[in-house]
Amino acid sequence: MKEESLKLAQEHGTPLFIIDHEVIRANYRTFKKHLPRVQAYYAVKANSHQEIVKTLFEEGASFDVASYNEFMQVYEYIRHFEEKDQDFYIWDKIIFSNTIKDRDTLRKIRRYKPLVTFDNEDELQKIKEHCDTAGVVLRLKVPDTGSQVEMSSKFGAEPGDARHLIAQAFDLGLVVEGLSFHVGSQCTTFDNYTAALDIASQILHDARKSGHNVKIVDIGGGFPVPYDSRVPQFEKLAGIINAECDRLFPDDVELIAEPGRFMVATAAVLVSEIVGKARRDGKIFYYINDGVYQTFSGVVYDHWIPNFHAFKPGRTEVCAVVGPTCDSFDKISLSEQLPADLQIGDYLYTENIGAYSIASSTRFNGFEGAKILHRNK
Ligand SMILES: Cc1ncc(COP(=O)(O)O)c(C=O)c1O
């Protein structure tokens, strides 16, 4: 892949973001194979490129959407369905996982009878008022210890408030279809999942005892990607989840998940180009034509640790790699072991950059961001 990427960069120019759709399909199949009881809703936010949505749609995935626009990206492929098939698809295969939805969005999605999450009373009232056709899923606050991106400080009801919120939803005439949680993105502490499943199970059984037939448990995202050899294996996590789910949930509970990173992170590489070189306080600074305002935005928003590899061999030393904008904040990494004699016009290669990268890229300073190229579409 590395050699082929170099050729593609020479042919198409840089920065070049190469998406391999066969890797996306393989990731989806791996997920399904190891978690056979779990329906996989791809979290579109991880990489919302339309061609990725298309590949996963064709693969039979379901979708987690955070906004009306993401919903429409999926709707694109069912637009031609008959109304009853559309309704079935939307109910069965799409979840609005953003616990806070503005009123305008709720009004726009009302006609689609969507499945939406909530985690507080004000949201419930808003859903009732502007989207009373919705089925609701209560998002719970669960431990997210050690995850690359934490979630629980912003989302999720305290487990102790769950009984009251479920009762309130039913009192309003809404139906609580399920419970959800998110253990934090790139979760390598598998105890977070066991703790969350345990919390969800207690609340589900409690609700059922009170006569509320809560049916769905949504185990969220967080499934870790092998960015380095210390990341524990997904297969091991899947074994733990399967055993816990079989222990905690009867067969009539529908299990769903919202994997984002897992589907796309390993499916893309970036080839960037050195556009400037300087020595500052003794350290080599390579200025490249992509930065934290573009494809490396994950360094800021996703706490992502970038990786850089040179195509040319050479004696290495610790170098900084920085972006092309005028902002001094635009430093991608201050410590990369790279050949010291790379020159302007040489290329760098970054792996596993498919998730939370182009999704949050900007055009700051007038830089366009990477050109996107598809393999195995
Ligand atoms: C509600 C929700 N579901 C799923 C995801 C996807 O998580 P991940 O990429 O860790 O699988 C996110 C990520 O932010 C999220 O907020």
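Predicted model only: the values in this text are computed from it and were never measured.

Let us look at the environment of Gln50. Within the fold, Gln50 resides in helix α3 (residues 50–59). For Gln50, a count of 10 C-beta atoms within 10 Å puts it in the exposed group. Gln50 sits 195 residues away from Cys245 along the chain, and the two C-alpha atoms are 33 Å apart.

Partitioning the chain into domains gives domain 1 (2–17 + 266–375) and domain 2 (21–265). One C-alpha centre belongs to domain 1, the other to domain 2, and the line joining them spans 33 Å. If you look at the interface, domain 1 gives 14 residues, while domain 2 gives 18 residues. The biggest single contributor to the side of domain 1 that touches domain 2 is strand β16 (residues 371–375), with 3 residues. Residue composition of the side of domain 1 that touches domain 2, grouped by class: 7 nonpolar, 5 polar and 2 charged.

Where strand β11 (residues 283–288) lies against strand β13 (residues 316–322), 4 bridges are found, and the strand directions are parallel. What sits directly across from Tyr286, in β13, is Val321. Where β13 and strand β14 (residues 331–339) come together, 6 bridges link them in antiparallel fashion. By the bridge assignment, Cys319 is partnered in β14 with Glu336.

This paragraph deals with the packing of helix α9 (residues 191–209) against helix α10 (residues 234–248). In the contact formed by α9 and α10, the axes pass within 10 Å of each other and the chain directions differ by 20°. As summarised for this structure, α9 and α10 are arranged roughly parallel, according to the angle between their axes. In this structure, α9 meets α10 at a crossing whose hand is right-handed. Two secondary-structure elements touch here, α9 through Tyr193, Thr194, Leu197 and Ser201 and α10 through Leu237, Ile240, Ile241, Glu244, Cys245 and Leu248. In the contact of α9 with α10, the residues fall into 7 nonpolar, 2 polar and 1 charged.

Calculation rules
Each chain carries its own residue numbering, running from 1 in the direction its sequence is written. Local features are withheld for residues below a pLDDT of 70 in this predicted model, meaning they are given only at 70 or higher, and side-chain atom pairs are given and counted only at 80 or more; totals for whole chains, interfaces and linings count all residues. Secondary structure elements are taken from DSSP: a helix is a run of H or I of four residues or more, a strand is a run of E of two residues or more, and numbering for both begins at the N terminus. A residue is called partly exposed when the number of other C-beta atoms within 10 Å of its own lies between 12 and 20, exposed at 12 or fewer, and buried at 20 or more, with C-beta atoms placed from the backbone. What marks off one domain from the next here is an automatic or database domain assignment. The contact criterion used here is simple: two residues whose C-beta atoms, placed from the backbone, lie within 7 Å are in contact. Side-chain classes are defined by residue name, with Ala, Val, Leu, Ile, Met, Phe, Trp, Tyr, Cys and Pro counting as nonpolar, Asp, Glu, Lys and Arg as charged, and the others, Gly among them, as polar. Being paired, for any two strands, means DSSP has found at least two bridges between them. For helices, the fitted line uses only the C-alpha atoms of the stretch in contact; every axis is such a line through C-alpha atoms, and the angle between N-to-C directions lies from 0 to 180 degrees. The labels follow the angle: roughly parallel below 35 degrees, roughly antiparallel above 145, roughly perpendicular from 65 to 115, and oblique for the rest. With the far helix as reference, a near helix turned anticlockwise by less than a right angle produces a left-handed crossing, and one turned clockwise produces a right-handed crossing.

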